Amino acid sequence: MAHTIETAETILILSGEGEEGTFEKYTGKRTVRALQTALTKERCNGDRWAFALVSADEDHEDDTFIELDGDLEFSGYRTVSENEYE
């Protein structure tokens, strides 16, 4: 997963409370540790939820992201249009 994070064109963080969440473009360091730290901060000691979306490889459409849980474990694919996070 480290290589995927390091080479991703776009990384998003989706976080929120309850069923409502917002996308934020991740601009931090492209390492597993840095991304985990960002997700931990977003979760606010359990008051919120957060996970990462990493742009998928060339085998997928441009708006397909790899969904990673808070521990950066693969949890599926998600399609996100650019206007949802720009």
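Just so it is clear, the model here is predicted, and its values are computed rather than measured. (Residues numbered from 1 in each chain as written. Predicted model: local features only at pLDDT ≥ 70, side-chain atom pairs only at ≥ 80, totals over all residues. Heavy atoms only, no water.)

1. Points about the packing of aromatic side chains
Part 1 of the reasoning: By the definition in use, this model includes three aromatic pairs.
Part 2 of the reasoning: Ring geometry for phenylalanine 65 and tyrosine 85: centres 6.1 Å apart, planes at 85°, overall edge-to-face. You can see phenylalanine 65 sitting in strand E4 (residues 64-68) and its partner tyrosine 85 sitting in the segment after strand E5 (74-79), a full 20 residues away along the chain. Of the two residues, phenylalanine 65 and tyrosine 85, neither departs from the other in class, the shared state being buried. (Phe/Tyr/Trp six-rings, centres within 6.5 Å; stacked < 30°, edge-to-face > 60°. Helix = DSSP H or I, 4+ residues; strand = E, 2+ residues; numbered from the N terminus. Buried < 20%, exposed > 50% of the residue type's maximum accessible area, 1.4 Å probe, protein only.)

2. Structural notes on the nonpolar core
Part 1 of the reasoning: Residues Ile11, Leu35 and Leu72 are the most contacted members of the largest nonpolar core, which totals 15 residues.
Part 2 of the reasoning: Contributions of two or more residues to this core are made by strand E1 (11-17), helix H2 (32-43), strand E3 (49-55) and E4.
Part 3 of the reasoning: Once residues lying within four places of it in the same chain are set aside, the contact partners of isoleucine 11 are Ile5, Glu24, Lys25, Tyr26, Arg30, Leu35, Leu53 and Val54.
Part 4 of the reasoning: Listed in part, the seven residues of the second largest apolar core include Leu14, Phe51, Leu53 and Tyr85. (Core = buried A, V, L, I, M, F, W, Y, C linked by side-chain atoms within 4.5 Å. Contact = heavy atoms within 4.5 Å.)

3. Examining unusual backbone geometry
Part 1 of the reasoning: For cysteine 44, which is not a glycine, the phi torsion comes out positive at approximately 50°.
Part 2 of the reasoning: For cysteine 44, the location among the structural elements is in the loop between H2 and E3.
Part 3 of the reasoning: Backbone geometry places leucine 72, a non-glycine residue, at a positive phi of 60°.
Part 4 of the reasoning: Structurally, leucine 72 can be placed in the loop between E4 and E5.

4. So, H2
Part 1 of the reasoning: The end-to-end C-alpha distance of H2, which contains 12 residues, comes to 17 Å, matching closely the 16 Å that a straight helix rising 1.5 Å per residue would cover.
Part 2 of the reasoning: As for H2, its buried residues are in contact with helix H1 (2-7), E1 and E3.
Part 3 of the reasoning: Cysteine 44 sits one or two positions beyond H2 and adopts a positive phi of about 50°. (Expected span 1.5 Å × (residues − 1).)

5. A word on the sheet that holds E4
Part 1 of the reasoning: In space, the five strands of this open sheet follow the order E2-E1-E3-E4-E5, with antiparallel pairing throughout. Strands with a single pairing partner mark the edges of an open sheet, and in this sheet they are strand E2 (20-25) and E5. Strand after strand, the sheet turns through a mean of 30° between neighbouring axes, direction not considered.
Part 2 of the reasoning: Pairing geometry for E1 and E2, over six bridges, is antiparallel. Across the sheet, the residue bridging to serine 15 is threonine 22, located in E2.
Part 3 of the reasoning: Together, E1, E2 and E3 form the strand contacts of H2, whose direction differs from that of E3 by roughly 145°. (Pairing = 2+ DSSP bridges. Axes fitted to C-alpha atoms, helices over the stretch in contact; angles between N-to-C directions.)

By themselves, these are just geometric observations and shouldn't be taken as functional.
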